[in-house]
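Take a look at the letters that make up each chain.
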Amino acid sequence: MTDTVSARQSELELERERVAVRYARLDALRAEKEEQLRRVRRDGLQGSVQNHSERDAFATLYEDRLAQLTAVDERLVFGRLDLDPDAEGHVEERYIGRIGLTDEHQDRLLVDWRAQEAGAFYQATAAHRQGVGRRRHLLLRGREVRDFEDDVLDPRLLEGGHASPQAQGALLAAVTATRTGRMGDIVATIQAEQDEVIRADTSGALVVQGGPGTGKTAVALHRAAYLLYTHRDRLAKSGVLVVGPSDAFMRYIERVLPSLGETGVVMASLGTLMPGVHATPERSARAAEVKGRREMAEVVAHAVAQRQRLLVETRQVDIEGTTVKLKPAMVRRARDRARATGKPHNEARVTFVKILVRELADKLKKKLEMSSGVPVQRDLLLEDVRTSRDVRIALNLCWMPLTPQKLVGDLLTREPLLRAAAPWLSDDDVAALLRTDPDAWTEADVPLLDEAAVLLGELEAPRRVGESDAQHQRNLENARASLENMHQTLFEMGVDGVVDAEQLAAANEVRGVRRSTAEQAAHDRTWTFGHVVVDEAQELSPMQWRLLARRCPLKSFTVVGDIAQASRRAGARSWQEVLAPEFGDRVRLEELTVNYRSPARITRWAAQVARAAGLEISTPEAVREGEHAPELTVVPGASVTELAVAAVEAERARVPEGLLAVIVPVDDVAAHLDAQRARWGERADRTPVPGVEVVVVTARETKGLEFDCVVLVSPERIVADAEGVVGDLYVALTRCTQSVRVVSAAAEAELPAGLVPVPA
């Protein structure tokens, strides 16, 4: 036994030395990039425009690499592969980490976990070893190796008795670790079925279906990192978009990709996909359902067409004191020709206005010539017609330039416009859509705004690049003139030829802010991405899918979700039904079958509730039974707030550390938050941040999140909030890693069916 302990300690010291070498190389690379960046910045703005561009490019390169080297410091190295001996008996030891590293002689120190050579770390088994004799998991705290664990795949290596086959300590340590309110990466513990999904090809829509706790979100994020590594040339230019259901969810996952060395991904909730608009969740389930229907695209198109109006009767317009008739037939011809261009509303308006201005100028020309007998050039009259107040009013009444916000805001606040654009909507649908504030944007409005933006186009014709070039040319002319005037002075000073017009113009121009691909994409509604990851995808409406498909014309998607967790009563029953309108038959389904988060005794209870409501759900196999049985407390007529406070205290006695969620009906958030703060002070809040131990949230807000403990309040009302659908309740019951407690003040007969804990 003493020899075994001594041998293990020697192995541990050896691993510490080797990991220290790799951290030293990381520090050296950081120092090198910091010096290169300082040198570039120190050079300033000297030299030609080309020099400026080159310096910007190098600065971007160094900044990106430095950000990557900084982000991967935590658990830089997490694994080692011992390969089978070669012909000479040499065993290659391959270290696996967050990024690839080589030493100053270009010898490999660390293999990036996404590289093909690292695949065996996740895929090798005793039955299919892939040339691996031993897989070692390194357990680090900070930069120090605290322990290691071996999976011995080659039976011949067991003869020493120093390791057991298929150890699971690293995985269990990860799944039972205390939650912090931020998702951590799973790069050190990716399982084989997860790795297959992560490394799948990018064609079409890859659907990752899995029940609660199967790691769908983590798999999707690691897949994004893998694709950026594997297809760097393509995706570095177009970018990757990661879409989640809420701002809270995006905050929860925001650190995962940087910890994997990827900082250039655009991360957006459904409410932020329209630049300049930050939408709130839709409170009305009926309004969300109506706005999400695919037919709403037709409604928006009708609303646009109705803003291209005809005149009812001839209109007299005054142009510099002369009256000219604007006839309905003229407007109709101009409208038909403008529509025939196929351009969006605001861009086609340029054609509409140009045609009518010319016709009105012709009429004005004839009238002036008849009254004066003197020929008049039409070109001289165009500006008078264009600037006439009467003409501007008449043209705007017929074809007003519009923003998406103006069009959709009017549609949702003015009943006559809504009924004219969608005469088939029922009175209940119309009532659900109408509101008083045109700018009170919700997540369900964002696809309507995006649809309107496509149909309307830019308010001004897209001449920005040309205008910029024209301004630069004007700056050059001014610079040349200035240099011409100063030529003699410069010659006498001996600097003639040192400053040219291009340099002088560039020095006086306001230089644009340099942005990364991700920053550019986040601010550009028309940006098209190379790949899109969609989490909690079962919640998306047809209109939201239409928006996302527009963001990625290649239709390269990773779609993550669980049909059984859908909150909407009108939710689809299959992924094919959800995705067929946008992807056709380009849909592949992969299913995750192991629950790493929730203990088995809790998942059985949640499954019982779901099945009692008629949901067809998969029940992933849990990796552990769990220590704490779920508990139900029902006290009819009691104060549900007091029940919740008592339940939190009971959970804290059972699980003293970690993050606890109090999941409540939508209308009770404020009251329950106040009650918890009375006991927990600033340690209770709406969102998990450092120092917060108790969060008060709604069931829908917990989608994709996880907590150590859950206190679920008034399950019957949570189901009522979802119009009788138990999907939100099912989600809420499966958010915990340790224990769950349900309390209600309703009569037992009012509780959702199946809400009786099942025995272990």
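Residues numbered from 1 in each chain as written. Predicted model: local features only at pLDDT ≥ 70, side-chain atom pairs only at ≥ 80, totals over all residues. Heavy atoms only, no water.

A. Structural view of the overall build of the protein. Counting its secondary structure elements, the protein contains 29 helices and 22 strands. Counting only residues that meet the buried cut, the protein has 49% of its 760 residues in that class. Across the protein, every contact between residues at least 6 apart in sequence was considered, and the portion connecting residues at least 24 apart equals 72%. (Helix = DSSP H or I, 4+ residues; strand = E, 2+ residues; numbered from the N terminus. Buried < 20%, exposed > 50% of the residue type's maximum accessible area, 1.4 Å probe, protein only. Contact = heavy atoms within 4.5 Å.)

B. How the structure looks around the packing of helix α12 (residues 328-340) against helix α13 (residues 345-372). Running from amino to carboxyl end, α12 crosses α13 at an angle of 145°, the nearest separation of the two axes being 8 Å. α12 and α13 meet at a crossing whose hand is right-handed. Taken together, the residues of α13 that come into contact with α12 (itself represented by Met330, Val331, Arg333, Ala334, Arg335, Arg337 and Ala338) are Ala348, Thr351, Phe352, Ile355, Leu356, Glu359, Leu360 and Lys363. For the contact of α12 with α13, the per-class residue count stands at 9 nonpolar, 1 polar and 5 charged. (Axes fitted to C-alpha atoms, helices over the stretch in contact; angles between N-to-C directions. Left-handed = near helix turned anticlockwise from the far one by under 90°. Nonpolar A, V, L, I, M, F, W, Y, C, P; charged D, E, K, R; others polar.)

C. View of empty space enclosed by the protein. Scanning the entire structure with this criterion turns up 2 cavities of 30 Å³ or more. Volume-wise, the second largest cavity comes out at about 30 Å³. Counting residues per element, the ones that place at least two in the lining of the second largest cavity are α19 (446-456) and α23 (542-551). Looking at the lining of the second largest cavity, its residues break down into 6 nonpolar, 1 polar and 1 charged. When we break the lining of the second largest cavity down by domain, the ones giving at least three residues each are domain 2 (192-282 + 528-594) and domain 3 (285-456). (1 Å grid on protein atoms, 1.4 Å probe; cavity = no way out; pocket = protein on both sides within 12 Å on 5 of 7 lines; lining within 4 Å. Points joined across faces, edges and corners; volume = space filled by probe spheres on them. Domains from an automatic or database assignment.)

D. Local environment of the nonpolar core. In this structure, Trp113 and Leu733 are the most contacted members of the largest nonpolar core, which totals 78 residues. Dropping the residues within four chain positions of it, leucine 733 is found in contact with Ile602, Trp605, Ala606, Val609, Leu712, Val740, Val742 and Leu755. Val277, Ala279, Leu418 and Leu579 belong to the second-largest nonpolar core, a separate cluster that totals 57 residues. (Core = buried A, V, L, I, M, F, W, Y, C linked by side-chain atoms within 4.5 Å.)

E. Broad picture of the side chain of glutamate 536. Checked against the element boundaries, glutamate 536 lands in the loop between β12 (531-534) and α23. Of the side chains with opposite charge, lysine 703 comes closest to the buried, unpaired glutamate 536, at an N-O distance of 4.8 Å. From its side chain, glutamate 536 meets the backbone nitrogen of glycine 704 in a polar contact 3.2 Å long. Ignoring sequence-local partners within four residues, the contact set of glutamate 536 consists of Pro245, Val560, Gln565, Lys703 and Gly704. (Lys, Arg positive; Asp, Glu negative; His and termini not counted. Salt bridge = Lys/Arg side-chain N within 4 Å of Asp/Glu carboxyl O. Polar contact = N/O pair within 3.5 Å; in protein donor to acceptor, adjacent residues only side chain to side chain.)

F. Spotlight on the sheet that holds strand β20 (residues 694-698). Pairing is parallel in the open sheet, where 6 strands are placed in the order β17-β22-β21-β18-β20-β19. Each edge of the open sheet carries a strand with a single partner, namely β17 (631-634) and β19 (684-685). As paired strands, β17 and strand β22 (residues 736-744) are joined by 4 bridges and run parallel to one another. Residue pairing for β22: valine 634 is matched across the bridge by serine 744. Contacting β17, β18 (660-664), β20, β21 (707-713) and β22, helix α26 (residues 640-654) crosses the sheet at an angle of about 155° to β22. The strands touched by helix α27 (residues 669-680) within the sheet are β18, β19, β20 and β21, with β20 carrying the most contacts at an inclination of about 175°. (Pairing = 2+ DSSP bridges.)

G. Structural context of unusual backbone geometry. With a phi close to 55°, lysine 555 is a non-glycine residue in the positive phi region. By the secondary structure assignment, lysine 555 is in the loop between α23 and β13 (557-561).

H. Region of the structure containing α19. Of all the 11 residues making up α19, 9 are buried; the element is thus mostly covered by neighbouring parts of the structure. Taken together, the buried positions of α19 are Val446, Pro447, Leu448, Leu449, Asp450, Glu451, Ala452, Ala453 and Leu456. Lining the buried residues of α19 we find α10 (285-292), α11 (296-305), α13, α16 (404-413) and α23. Immediately downstream of α19, the backbone of glycine 457 shows phi near 75°, a positive value.

I. Main features of the packing of α16 against α19. It is the contact of α16 with α19, at a shortest axis distance of 8 Å, that shows an interaxial angle of 125°. In terms of axis orientation, α16 runs oblique to α19. Viewed along their axes, α16 and α19 form a crossing whose handedness is right-handed. For the pair α16 and α19, contact is made by Pro404, Gln405, Leu407 and Val408 and by Leu448, Leu449, Ala452, Ala453 and Leu456, respectively. Each residue belonging to the contact of α16 with α19 can be placed in one class, and the counts come to 8 nonpolar, 1 polar and no charged. (Parallel < 35°, antiparallel > 145°, perpendicular 65-115°, else oblique.)

J. Focus on the confidence of the model for the protein. When pLDDT is averaged across the protein, the result is 85; 86% of the residues are at 70 or more. In the predicted structure, residues 487-499 sits below a pLDDT of 50 and forms 8 contacts with residues beyond four places in sequence or in another chain. (pLDDT = per-residue confidence, 0-100.)

K. Quick peek at the state of the cysteines. Inspection of the entire model under this criterion finds 0 disulfides. Not part of a disulfide, cysteine 736 finds its nearest cysteine sulfur in cysteine 709, a span of 7.4 Å. (Disulfide = S-S within 2.5 Å.)

L. Inspection of the packing of aromatic side chains at higher detail. Inspection of every chain in the model, using the stated rule, returns 5 aromatic pairs. Taking 5.2 Å as the distance between ring centres and 90° as the angle between the ring planes, the aromatic pair formed by phenylalanine 121 and tyrosine 122 counts as edge-to-face. The buried category is assigned to phenylalanine 121, whose relative accessible area is 2%. Using a relative accessible area of 3% as the deciding quantity, one classes tyrosine 122 as buried. Feature note: the residues Phe78, Phe121 and Tyr122 constitute an aromatic cluster, connected by ring pairs. A cation over an aromatic ring shows up here: arginine 8 above the ring of phenylalanine 148, its NZ or CZ 4.1 Å from the ring centre. One Lys or Arg, arginine 22, reaches over the ring of tyrosine 95 and ends 4.3 Å from the middle of that ring. (Phe/Tyr/Trp six-rings, centres within 6.5 Å; stacked < 30°, edge-to-face > 60°. Lys NZ or Arg CZ within 6 Å of the ring centre and 35° of its normal.)

M. Geometry of the pattern of salt bridges. In total, this model carries 67 salt bridges according to the counting rule given. The shortest N-O distance in the salt bridge between arginine 8 and aspartate 147 comes to 2.7 Å. Taken together, the residues span a long stretch of sequence, with arginine 8 in helix α1 (residues 2-42) and aspartate 147 in strand β6 (residues 144-152) at a distance of 139 residues. For arginine 8, a relative accessible area of 32% corresponds to the partly exposed category.

N. Highlighting the pairing of β18. Across the 5 residues of β18, 5 count as buried, placing the element largely inside the fold. Side chains Leu660, Val662 and Val664 of β18 all project onto a buried face; the interleaved residues Ala661 and Ile663 project onto the opposite face, where all are buried too. One ladder, built from 5 bridges, connects β18 with β20; its direction is parallel. Bridge assignment links valine 664 to a residue of β20, and that residue is threonine 698. In this structure, β18 lies alongside β21, joined through 4 bridges in parallel fashion. Each bridged residue has a counterpart across the sheet, and for valine 662 the counterpart in β21 is valine 711.

O. Summary view of helix α6 (residues 216-230). Here α6 contains 15 residues, and its C-alpha end-to-end distance of 21 Å stays within 8% of the 21 Å for a straight helix at 1.5 Å per residue. Most of α6 sits inside the fold, with 13 of its 15 residues counted as buried. (Expected span 1.5 Å × (residues − 1).)

P. Highlighting a positive patch on the surface. A surface patch of positive charge is lined by Arg337, Lys343, Lys354 and Arg358. Tracing the sequence through the fold places arginine 337 in helix α12. (Patch = residues over 30% accessible without salt bridge, like charges linked within 9 Å, V, L, I, M, F, W, Y side chains within 5 Å. Areas by Shrake-Rupley, 256 points an atom, 1.4 Å probe, with all protein chains shown as cover. Charge placed at Lys NZ, Arg CZ, Asp CG, Glu CD.)

Q. Representation of the environment of arginine 315 in the model. Relative to the elements of secondary structure, arginine 315 occurs in strand β10 (residues 315-319). Taking C-alpha positions, arginine 315 is 8.1 Å from alanine 394, a pair spaced 79 residues apart along the chain. Excluding anything up to four places from it in sequence, arginine 315 contacts Val324, Lys325, Leu326, Ile393, Ala394 and Leu397.

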